[in-house]
Amino acid sequence: MEATPSFHAPLLDRPFAGTRPFKAFAAVVSLLSVVALIIHHLPSPSPTLKPTPMQPRGVAEGVSAKSNPCLLNQAPFNWTNAMFYWQRSAYHFQPQKNWMNDPNGPLYHKGWYHLFYQYNPYSAIWGNITWGHAVSRDLIHWLYLPLAMVPDRWFDFYGVWTGSATLLPDGQILVLYTGKTNESMQVQNLAYPANLSDPLLLHWLKYPGNPVMVPPLGIQHDDFRDPTTAWLGHDGTWRLTLGSKLGMWECVDFYPVAINGSVALDTSALGPGVKHVLKASLDDTKVDHYAIGSYDPMTDKWTPDNPEEDVGVGLKVDYGRYYASKTFFDHHKQRRVLWGWINETDTETADLQKGWASLQTIPRTVLYDNKTGTNILQWPVEEVESLRLNNTVFKEVVVEPGSVVPLDIGTATQLDILAEFEIEALDISSTTNQVLDCGGGAAERSTYGPFGLLVIADASLSELTPIYFRPLNASDRSLRTYFCTDTTRSSKASDVFKQVYGGKVPVLDDEKYNMRVLVDHSIVESFGQGGRTVISSRIYPTEAIYGAAKLLLFNNASRVNVKATLKIWEMNSAFIRPFPVEGDDSV
Ligand code: DQQ
């Protein structure tokens, strides 16, 4: 396929002002020492109660309520139904309506993947938190099921909050979740399926002896939440981690990765050749941070490989709009699968008008990157490729400094893009030092970049979202590369939070620059260098929608040509609809 270059520099001038890049700061954290959970014989099940409808609660009443403070003084944009309709994703999981946040208790059981999620059955803003439930054969096409758990006991009266599932060796499934009690204390509760032989796990029972854990001495009553999947220790005791506070850790995740980088491991795996990833969702900044380290099962102590890149000060799971992620070991396909919550960057007023808010990422496999030894690799599960339709290939398209090249692919709102870039005539020694990071966005030029893709752009480039590499000279004359997404020009609407996202990405000597980008209407998930650095972003264009959405290459380097080779698939929509469960109207 031929691509026609267009020689002008449309990214140099900003047609409208963006917000300053947001800077995460290091939080001082405290992780509760590993808590032993001894699982006793379970008592006989008791019937669950009907959900009690409650008034929606706002920011002041709880964690996780969405807020984009900088939008408070913005005049509301004149959104139309056609714009709202376009924003809804076609192949990402989201409920039929209303609010969703954290993924909870993912598991595989009798041929079905189960996803539970924090869900408000009554509104498109956070509140009334229950466990929504959906099942899938392949992690892509989903069937909504009735709510799995609702706040109906004193120990979860103000919300069935986040939790994880543990599969016991005898086949039982146990869920531990945080309940916010009738006195607003955060406690940990046990729940289990009423009927394990039901592949859909439709009915869930709460252990009558709940709570099984209450905040220990010295921990505030509202700083004790989000238990991980448990793992079996050398002494036959199950262990798990929970988040607590100096700088609140939410949704902690803790799992082993194989150093050889080729296999995934069950959560209880230990021994030589194994490292452990510790992830925390930082409540202050709403960012998921992780670090790789060593776990000593005898002392239950985890030590980061690189103390300068400890949890909270080093790597992010995803540098975009992403939070509360959780992995599970998929024993069916022997892989570790990561889910993450992507929230909105528009206003709550707009969410209420749309009738929905938030979606989940495409599930990603996670492996240790044995080439760099410093990071994990995230990659969309292979099943997403079943949605690929026709593809278009572009070979060695030369993009000159300060130019864009339109890619003629027809409809450009549902795409899976694989792109490889080479810089011509790289000469590190002759360049000067430059500002590291993603800079002020794609309009900020330097010797070798930025270069990459413009997704969801209109013909006049009045709206566009650049996804790009920014190779820069560090002071030691090494080349350091950043992988970035600039949403500052993705929408003309002023009541949308816009930001430049990104982080450093290792590019090894024998590697070309490569990215994979999943475009699905208002969600764009980008994977740099095979998934070493990942960025999920929300975009709300007003003109670059439906048939007006285009895809282009750009090169805003000041001195070098870039050569791009791409394979681009149009993506089908996933089949996501209610499961016909008799007598249920809650899904
Ligand atoms: N969301 C849940 C909490 C968790 C927070 C409440 C993270 O359990 O800490 O909806 O988004």
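Keep in mind that this is a model prediction, so the values were computed, not measured. (Residues numbered from 1 in each chain as written. Predicted model: local features only at pLDDT ≥ 70, side-chain atom pairs only at ≥ 80, totals over all residues. Heavy atoms only, no water.)

## Section: the overall build of the chain
Right, on to step 1. Looking only at helices and strands, one finds two helices and 35 strands in the chain.
Right, on to step 2. Split into buried and exposed, the 587 residues of the chain put 60% on the buried side.
Right, on to step 3. Partitioning the intrachain contacts of the chain with sequence separation of at least 6 by distance along the chain shows that 68% fall at a separation of at least 24.
Right, on to step 4. Accessible surface, the chain as shown: approximately 22300 Å² in total, 53% of it carbon and sulfur. (Helix = DSSP H or I, 4+ residues; strand = E, 2+ residues; numbered from the N terminus. Buried < 20%, exposed > 50% of the residue type's maximum accessible area, 1.4 Å probe, protein only. Contact = heavy atoms within 4.5 Å. Areas by Shrake-Rupley, 256 points an atom, 1.4 Å probe, with all protein chains shown as cover.)

## Quick look at the side chain of R321
Right, on to step 1. Its location among the elements puts R321 in the loop between β16 (315-316) and β17 (323-330).
Right, on to step 2. The charged side chain of R321 is buried without a salt bridge, its nearest counter-charge being D346 at 7.7 Å.
Right, on to step 3. Here E344 takes part through its backbone oxygen, which lies 2.9 Å from a polar atom of the side chain of R321. (Lys, Arg positive; Asp, Glu negative; His and termini not counted. Salt bridge = Lys/Arg side-chain N within 4 Å of Asp/Glu carboxyl O. Polar contact = N/O pair within 3.5 Å; in protein donor to acceptor, adjacent residues only side chain to side chain.)

## Overview of the confidence of the model for the chain
Right, on to step 1. For the chain, the mean per-residue pLDDT works out to 88, and 85% of the residues sit at or above 70.
Right, on to step 2. Note that residues 4-10 has pLDDT below 50 and, in this model, 17 contacts with residues that lie over four places away or in other chains.
Right, on to step 3. Long-range and interchain partners of residues 12-66, a stretch whose pLDDT sits below 50, account for 132 contacts in this model, where long-range means more than four residues apart. (pLDDT = per-residue confidence, 0-100.)

## Thoughts on the sheet that holds strand β25 (residues 414-423)
Right, on to step 1. One open sheet holds the six strands; their spatial order is β23-β34-β25-β30-β31-β32, and the pairing between them is antiparallel. Here the strands that pair on one side only, and so sit at the sheet edges, are β23 (388-399) and β32 (533-538). Going across the sheet, the axis of each strand differs from the next one's by a mean of 15°, ignoring polarity.
Right, on to step 2. The pairing of β25 with strand β34 (residues 562-571) spans nine bridges and is classified as antiparallel. Following the sheet pairing, E422 is matched in β34 by K563. (Pairing = 2+ DSSP bridges. Axes fitted to C-alpha atoms, helices over the stretch in contact; angles between N-to-C directions.)

## Some remarks on the environment of D152
Right, on to step 1. Within the secondary structure, D152 is located in the loop between β5 (142-149) and β6 (160-167).
Right, on to step 2. Sequence separation between D152 and T130 is 22 residues, and the spatial gap between their C-alpha atoms is 9.8 Å.

## Here we look at the packing of aromatic side chains
Remark: the centre distance and the inter-plane angle together describe each pair of aromatic rings, the angle taken between the planes.
Right, on to step 1. For the coordinates displayed, the defined rule picks out 28 aromatic pairs.
Right, on to step 2. When the centroid spacing of 5.0 Å and the interplanar angle of 85° are considered together, the rings of F157 and Y158 count as edge-to-face.
Right, on to step 3. According to the relative accessible area criterion, F157 is partly exposed, its value standing at 31%.
Right, on to step 4. On the basis of relative accessibility, which here comes to 29%, the residue Y158 falls in the partly exposed class.
Right, on to step 5. Site record: aromatic cluster; members linked through ring pairs are F93, Y117, Y119, W142, Y144 and W339.
Right, on to step 6. Seen from the ring of W356, R88 lies directly overhead, with NZ or CZ sitting 5.6 Å from the centre. (Phe/Tyr/Trp six-rings, centres within 6.5 Å; stacked < 30°, edge-to-face > 60°. Lys NZ or Arg CZ within 6 Å of the ring centre and 35° of its normal.)

## Thoughts on the sheet that holds strand β29 (residues 500-504)
Right, on to step 1. Spatially, β24-β33-β26-β27-β28-β29 is the arrangement adopted by the six strands of the open sheet, whose pairing is antiparallel. Of all the strands in the sheet, the pair left with one neighbour each is β24 (403-407) and β29. Between one strand axis and the next, the sheet turns through 20° on average, direction left out of account.
Right, on to step 2. Relative to strand β28 (residues 479-486), strand β27 (residues 465-473) runs antiparallel, the two sharing seven bridges.

## Points about the nonpolar core
Right, on to step 1. In terms of nonpolar packing, the biggest core is built from 61 residues, with I417, F421, L453, L551, L553 and L566 touching the most fellow members.
Right, on to step 2. No other element matches β25, which puts five residues into this core.
Right, on to step 3. Setting aside anything within four residues of it in sequence, one finds L551 in contact with P406, L407, I409, A412, L415, I417, L453, L454, V455 and I568.
Right, on to step 4. Y117, L139, W339 and V384 belong to the second-largest nonpolar core, a separate cluster that totals 27 residues. (Core = buried A, V, L, I, M, F, W, Y, C linked by side-chain atoms within 4.5 Å.)

## Digging into unusual backbone geometry
Right, on to step 1. Cis geometry marks the peptide bond from N210 to P211, where omega comes out at 0°.
Right, on to step 2. Note that P211 resides in the loop between β9 (204-206) and β10 (231-232).
Right, on to step 3. Of the consecutive residues G449 and P450, the connecting peptide bond is found in the cis state with omega at 5°.
Right, on to step 4. Among the structural elements, P450 can be located in the loop between β25 and β26 (451-457).
Right, on to step 5. For N128, which is not glycine, the phi dihedral falls at a positive 50°.
Right, on to step 6. With respect to the helices and strands, the residue N128 is situated in the loop between β3 (112-120) and β4 (130-136).
Right, on to step 7. A relative accessible area of 2% places N128 in the buried class.
Right, on to step 8. The phi torsion at I456 lies on the positive side, around 40°, for a residue other than glycine.
Right, on to step 9. Following the sequence through the fold, I456 ends up in strand β26.

## Details of the pairing of strand β7 (residues 173-180)
Right, on to step 1. Among the eight residues that make up β7, eight are buried, leaving the element largely enclosed by the rest of the structure.
Right, on to step 2. Taking every second residue as pointing to the same face, both faces of β7 are buried, with I173, V175, Y177 and G179 on one and L174, L176, T178 and K180 on the other.
Right, on to step 3. In the sheet, β6 pairs with β7 via six bridges, with the strands oriented antiparallel. Across the sheet, the residue bridging to A165 is V175, located in β7.
Right, on to step 4. Taken together, β6 and the strand that follows it, β7, pair antiparallel across an intervening segment of five residues, in which G171 is found at a positive phi of about 95°.
Right, on to step 5. One ladder, built from six bridges, connects β7 with strand β8 (residues 186-193); its direction is antiparallel.

## Brief notes about the environment of A493
Right, on to step 1. Examined against the element boundaries, A493 turns out to sit in the loop between β28 and β29.
Right, on to step 2. The exposure class assigned to A493 is buried, which follows from its relative accessible area of 0%.

## Brief notes about the pairing of strand β15 (residues 301-304)
Right, on to step 1. With burial as the criterion, only one face of β15 is covered, namely that bearing W302 and P304; the residues K301 and T303 on the opposite face remain uncovered.
Right, on to step 2. Note that strand β14 (residues 287-296) and β15 share four bridges and pair antiparallel. Note on β15: the bridge partner recorded for Y295 is W302.
Right, on to step 3. The antiparallel pairing of β14 with β15 creates a hairpin that spans four residues between the two strands, and D300 there sits at a positive phi of about 55°.

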